[in-house]
Structure formats: structure tokens, C-alpha cells
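# Observations on the three-dimensional arrangement
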Amino acid sequence: MGNHTGNPRADTGPGVIKITKAGWFYIILTIFLGVSGINTGNNLIYLIVAAFLSFMAISGIFGKRNLAKTDVRIELPEEIYAGTSVPVRVILRNRRRFLPAFLLRVHVSGNEILFPFVEVKSAGTKYLPLSFPERGRTEIRNIYLSSVFPFNFFIRYRKMPGVFEALVFPRAKKCESPFFEREMRSRGEQAADKTGYEADLISLRDYITGDSIKYIHWKASAKTGKLKTKELSSLSHQPLIIDFDSLPIKEREEKISCVTYLLLKFLKQNIPVGLRIDGALYKPFTKDHGERTRALKFTMLTKAGWFYIILTIFLGVSGINTGNNLIYLIVAAFLSFMAISGIFGKRNLAKTDVRIELPEEIYAGTSVPVRVILRNRRRFLPAFLLRVHVSGNEILFPFVEVKSAGTKYLPLSFPERGRTEIRNIYLSSVFPFNFFIRYRKMPGVFEALVFPRAKKCESPFFEREMRSRGEQAADKTGYEADLISLRDYITGDSIKYIHWKASAKTGKLKTKELSSLSHQPLIIDFDSLPIKEREEKISCVTYLLLKFLKQNIPVGLRIDGALYKPFTKDHGERTRALKFTMLTKLALYGRE
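Cut-offs applied
- Numbers given to residues run from 1 along each chain, matching the order in which its sequence is written.
- For this predicted model, a pLDDT threshold of at least 70 governs which residues receive local features, and a threshold of 80 or more governs which side-chain atom pairs are given and counted, while totals over whole chains, interfaces and linings are taken from all residues.
- To get the side-chain values, take all heavy atoms of the structure and skip hydrogens and water.
- Pairing between two strands is assigned when DSSP locates at least 2 bridges connecting them.
- Helix and strand assignments follow DSSP, with helices taken as H or I runs no shorter than four residues and strands as E runs no shorter than two, numbered in order from the N terminus.
- Angles here are taken between N-to-C directions and fall from 0 to 180 degrees, while the axes themselves are lines fitted to C-alpha atoms, restricted in helices to the stretch in contact.
- Note on aromatic pairs: the rings of Phe, Tyr and Trp (six-membered ring only in Trp) are paired at centre separations within 6.5 Å, and the planes decide the class, stacked below 30 degrees, edge-to-face beyond 60, tilted for the rest.
- Here, a charge over a ring is recorded when the distance from Lys NZ or Arg CZ to the ring centre is within 6 Å and its angle to the ring normal is within 35 degrees.
- What makes a nonpolar core is a set of buried Ala, Val, Leu, Ile, Met, Phe, Trp, Tyr and Cys residues whose side-chain atoms join them at distances within 4.5 Å.
- When accessible area is computed with a 1.4 Å probe and restricted to protein chains, residues below 20% of their type maximum are described as buried, those above 50% as exposed, and intermediate ones as partly exposed.
- Whether two residues are in contact is decided by their heavy atoms, any of which lying within 4.5 Å being enough.
- Patch criteria: residues need more than 30% relative accessible area and no salt bridge. Like-charged residues are merged within 9 Å; nonpolar side chains of Val, Leu, Ile, Met, Phe, Trp and Tyr are merged within 5 Å.
- The Shrake-Rupley method, run with a 1.4 Å probe sphere, supplies the accessible areas, and residue values consider only the shown protein chains as cover.
- Between Lys or Arg on one side and Asp or Glu on the other, a salt bridge is scored when a side-chain nitrogen of the former is within 4 Å of a carboxyl oxygen of the latter.
- Charge assignment: positive for Lys and Arg, negative for Asp and Glu; neither His nor the chain ends contribute.
- Here the site of a charge means atom NZ of a Lys, CZ of an Arg, CG of an Asp or CD of a Glu.
- Here a cavity means grid points, on a 1 Å grid over the protein atoms only, where a 1.4 Å probe fits yet cannot get out; a pocket means an open set of points with protein on both sides within 12 Å along at least five of seven lines; lining residues are those with an atom within 4 Å of a point.
- Grid points are joined across faces, edges and corners, and a volume is the space filled by probe spheres set on the points.
- As a working rule, the residues Ala, Val, Leu, Ile, Met, Phe, Trp, Tyr, Cys and Pro are called nonpolar, Asp, Glu, Lys and Arg charged, and the rest polar, with Gly in that last group.

## Details of the sheet that holds strand E4 (residues 86–94)
- Pairing is antiparallel in the open sheet, where 3 strands are placed in the order E3-E4-E7. Taken across any chain shown, the strands that pair with only one partner, and hence form the sheet edges, are strand E3 (70–75) and strand E7 (122–130). The sheet shows a mean angle of 25° between the axes of neighbouring strands, taken without regard to direction.
- As defined by bridge partners, E4 adjoins E7 across 9 bridges and the pair is classed as antiparallel. Each residue of the ladder has a partner; that of Arg93, found in E7, is Ala123.

## Quick word on the packing of aromatic side chains
- Under the defined criterion, the tally for this structure stands at 18 aromatic pairs.
- Where Phe384 meets Phe431, the ring centres are 4.9 Å apart and the plane angle is 15°; that geometry is what we call stacked. Taken as a pair, Phe384 in strand E20 (residues 383–390) and Phe431 in the loop between strand E24 (425–429) and strand E25 (436–442) lie far apart in primary sequence, 47 residues in all.
- Here the aromatic residues Tyr26, Phe52, Phe55, Phe151, Phe153 and Phe307 are joined through ring pairs into a cluster of three or more.
- Over the face of the ring belonging to Phe397 we find Lys408, whose NZ or CZ atom lies 5.9 Å from the ring centre.

## Quick notes on the nonpolar core
- Ile524, Phe526, Val541, Leu545, Leu557 and Leu586 are the most contacted members of the largest nonpolar core, which has 28 residues in total.
- At the level of elements, strand E29 (522–525), helix H10 (534–550), strand E30 (555–559) and helix H11 (573–587) are the ones that each hand at least two residues to this core.
- Top element by residues in this core is H10. It accounts for 8 residues.
- Membership of the second largest hydrophobic core comes to 27 residues, among which are Ile74, Leu104, Val108 and Val118.

## Notes on the environment of Ile91
- Tracing the chain through its elements places Ile91 in strand E4.
- Among the residues examined, Ile91 registers a relative accessible area of 6% and is labelled buried.
- Measuring from C-alpha to C-alpha, the distance between Ile91 and Thr125 comes to 4.6 Å, with 34 residues separating the pair along the chain.
- With residues up to four places along the chain from it excluded, the contact list for Ile91 reads Asp71, Val72, Arg73, Glu75, Ala123, Gly124 and Thr125.

## Regarding a positive patch on the surface
- On the surface, Arg65, Lys69, Arg97 and Lys121 cluster together into a patch of positive charge.
- Structurally, Lys121 can be placed in the loop between strand E6 (111–118) and E7.
- A residue is classified by how much of its surface remains accessible, and Lys121, at 57% relative accessible area, is exposed.

## Some thoughts on the layout of surface pockets
- Computed from the structure, the second largest pocket encloses a volume of approximately 1,400 Å³.
- As for the second largest pocket, its lining consists of 43 residues, and the residues nearest its centre are Pro116, Phe117, Val118, Glu119 and Arg387.
- Per-class residue counts for the lining of the second largest pocket are 26 nonpolar, 12 polar and 5 charged.

## Brief notes about the pairing of E24
- Counting buried positions over the 5 residues of E24 gives 4, a clear majority of the element.
- Pairing between E20 and E24: 4 bridges, direction antiparallel. Bridge assignment links Arg387 to a residue of E24, and that residue is Ser428.
- Two strands pair when backbone bridges link them, and E24 and E25 are joined in this way by 5 bridges, in the antiparallel orientation. Bridging from a neighbouring strand, Ser429 pairs with Arg438 of E25.
- Linkage of E24 to E25, two consecutive antiparallel strands, is achieved through a turn of 6 residues, within which Asn434 is found at a positive phi near 60°.

## Remarks on the pairing of strand E9 (residues 143–147)
- Burial of E9 is extensive: 4 of the 5 residues sit out of reach of the surface.
- Sheet topology places strand E5 (residues 101–108) next to E9; 4 bridges connect them, and they run antiparallel. Looking at E9, one finds that His107 is bridged to Tyr144.
- The pairing of E9 with strand E10 (residues 154–160) spans 5 bridges and is antiparallel. Within E10, the position partnered with Ser146 by the bridge is Tyr157.
- Hairpin connection of E9 to E10: 6 residues between the antiparallel strands, including Asn152 at a positive phi of 60°.

This is the structure in C-alpha cells:
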């Protein structure tokens, strides 16, 4: 997210109140009953009118308090393009010590978003889609907060202070670029010796922390129950320079939009691209495409619960003082609602289990998707509005059928490497009437091994080693280089490698067999690395291991007198097991 902050330039404006249709009906009904009470002199009508007026007074007091001591902050994305909707992060903070915030709406530039509940001394976060019509610097002003709490009789507004500034990039408008197409064809593409995200599907593998969600194969993930990532072949390109002034487009805004489109298009294809404009030349980077380019149970009363109990007591005392049977009936109905809330709320938490499944690879300081499984073991009653609390994070399961389970993913991060435990998992619910929040502590402790943080570092020695050793043609088939032969299709072969022309001629599916490239093995000597700080050295070695393994380079590790030799002939399960062994050694280094 971009580092956009608000600058308070004006004090909070005066509050504005609008009466809703329900409010008008309530006011007219109160006046009607008041006039009736004066004309008849009936004490019961006086009591009802008094109750109506007390409701209105409570609405005014709590409604005003609900808007007080609240702040709104907006965080805009780093990349905003004119005419394109972007998710804007809206943070609503409740600074009060006692009263939570209920049913607050934040109005931003004609759009609004609802925050149903924000706890005391905490903040709620939601995303609001916004679009900006023109490029350049822009400001977001006139942010309002509104609420119909507590009885939907009045809509109260409050203008929030602050001005939020944003830089809007030009609109990316598709345009023809015959010169660049010719230029790309003449320069051609180079086959890279690594997987990437540009071309055809090679294979599927288990999700690794840091993989883009875009490349998750959802169908395979659903079938296997584990997140699967697509591995695509990578292509490297020769660099291009876009000369803004030489483009044959007269209209300035159209030219700017065209150049923006071309820049984004080429960068998305991992083509190094630069720009010449107004005499300045922005050269592309051809070697670095990373950062430089981009069993305990307890119950807590809610505020609605407190209000309900106080109102019930008030009506009970009124009934005793007046001896009115109608008030007794109302109090009896209120008490029955409270009894139903207790019975069904307690049953809603009973006979439910929570299980957590952690990914195989967890790296310190990196958020990972943790699979949370909520199982309802009851035979008759479904589970409603259950929240699972794990390490300060929570996830909502709106509904879980009887004798079944619900699954969701919760992002968690672990700050340090080594063995860790997840304890104090809670289940909570406001079902059925939001009068009480019931909690239940779930039994069990879930253990995890957190690998070290992978921190990018320079490795000139290993780069020289790789260049000097080079690549060797392996005596086995693979999917990297030249065509060796054709063979009959075997079930499980990728469709990508079917030779369609030969299949059409022979009437049988034919599969291409390609030669494979293998690399000379490398050994990383932990103790000889010229890095003094231990944690930094561990992070650097972790980064190098993952980098070389991702490039299919056999790599081993020498640490504490132990040598983990790489496998040069088997790059399957044995290499994967070696990878986990080396990462485990680094994770526990100096900790056990």
C-alpha cells in the first residue's frame, strides 16, 4: 500500500441529523399517543408515552456518542491509473474506552462502506473501490461518517478532518505498436533456463510462501486439499526503448495513454523497457528484475445485551408499580427471548471442533495461508456465526451444516525461526440475538517449524562458480531444450508436448521428447561466508538455497562440520527431502 496520509487542514464540521421514515412514524405515533393521554387522562397511555420519549432520549444520547472519538484513515495503492477502479483501504479507529462503535458508514467521494462493529480501543479495516477520472495529483476531501444506531430513527453525520493526496498515473489505453512488434520479432526471444510466469504450463507443485495468488491452480487445490501453484516456462527478451516524441500520435493525452499501455504490457511480459521523453532517458535494467523494477467457556455481554437487560428491568419495575398486565406480558416476552438466547447460544458452541493445518514451508516474517477446519459434530442443529480466533487473528464461519465441516484460509505470520506452538485457540459467537458473546477455548496445541527468513544477498562467488561450470546435456529426456524424438502418447503426458502435426498424419497422438539440461552441483559452506551477524548469514544462506533449487541447480550445505551432499541424478523426492533437511538445520541453528 502507498504511504498516503491525511493532513488535518480543517476542524470537524458540525454534526447533521436526518430523520428516517421510521423516525417520522415514531414521532407522529408519540404525538398521537400524547394527545390521546391528555384527552383521556389514562395513566397507562402516559406510561407508554414516557417510555417512547425515553427511547428517543436514549437514541439521541447513544447515537451522538456512537460517532464521537472515531478516526478515519485512508491508504491508497501505490499504482493508481485514471479511469480504473482500485481498492482503497479504509481504516476506522475507535478511540473510546468503554463504548464500541456500531453500524458506522464511511462516505468517500460518493461511495460508502459499512463497519457493523468496531471494538473499543481498536480499529476495523475494509476495502472500498474508488476510481479517479484524470491523471495527475488529486485530493480526497469531504469524508463523512454516518450511523443510524441505535434505533434507525435518525441518521447522524459527522465530517472527518483531513485531506488525502494521491498521484494518479495516466489511463492505459490499448494502441497499435507495429514498430515495437517488428522490433521484438527482429530481436527475438531467448529461452531461459528457469521457470517463470510468461509462457506455457510446465507442471504443478505445492504452494510455496511468496508465490503470487494469480498462479494458484484452484481446481487442483480443491481436488487435493492443498494449495497448488502452476509452474510456467520463462522467456527472456532483449531490452526496448520507447521514444515518446517519435510516436506518430498527435493528441497528447492519447499519446500518454498509449505509452502507459506499452510500458505496462512489456513489463508484464518481463521485457526490459525504458523511456526517452523531454530529452531524458530512463534506461531499463536487464539483469535485475526484482525490487528495482517492482475447553474454557465464558460469556461477555454486548452493549445491545446491556441495553436489553436495563430495558427489561425498567419495564419490570414499571409493571410492579402500576400493576398493569400488559407490561407484565411484555416483560415475560423479554425474559423468554433472553432464555432462548442463552439456550441456543450455548448449544451453538457445543460439539464443535477446530483443526489447523499449516503449510509445509513456513518462513519467518512471511504471511502464509493457514487452513482452518471447523467441524460440526451435532446431529440436528447447524452452527451459525462462529468466529475462530488464532494468534490475534479471526475468521468467520457464517454457517456449517450438521455432521459436516467448513474450511477457510487465515493468513498468519511468525516473527522468528525455529519451533513454535499455536495455543489459545478460541471459538466465539453472538448467535442468536447479539446480546451475549460466548467464548469457548479449544483444546490442543499445534506445532510448527518456521524456516529462516529468506533475505536477498549478493553471491558473487556462486555466480562465478556457475559461469565456470556451466550446463551439461543430460542423457535423459526433459522439458527444457531441443527435440530428440517422437513417441506414442502416454496417459498423463502434458497436452503442451503433444505434436499435433505428427498426430494428424498418423491418426495417433504423438508426444515430443525433449533433451534435458543439468547443472554442476554446488556446495554452500556456511562458516566460510563473509557475513558476521548470525541471523543475517542464516537468512542469506536460506535465500541462496531457495534460489538455486528453484533453478534446478543441485545444491548442498556444509554447516557445523556436517555435509549435506546434493543429488545430481535424482531431482525428485530425494532432493525435496534434502531441501527440508537443510532448511530445518538452519531453522534450529543455535536454538537447540
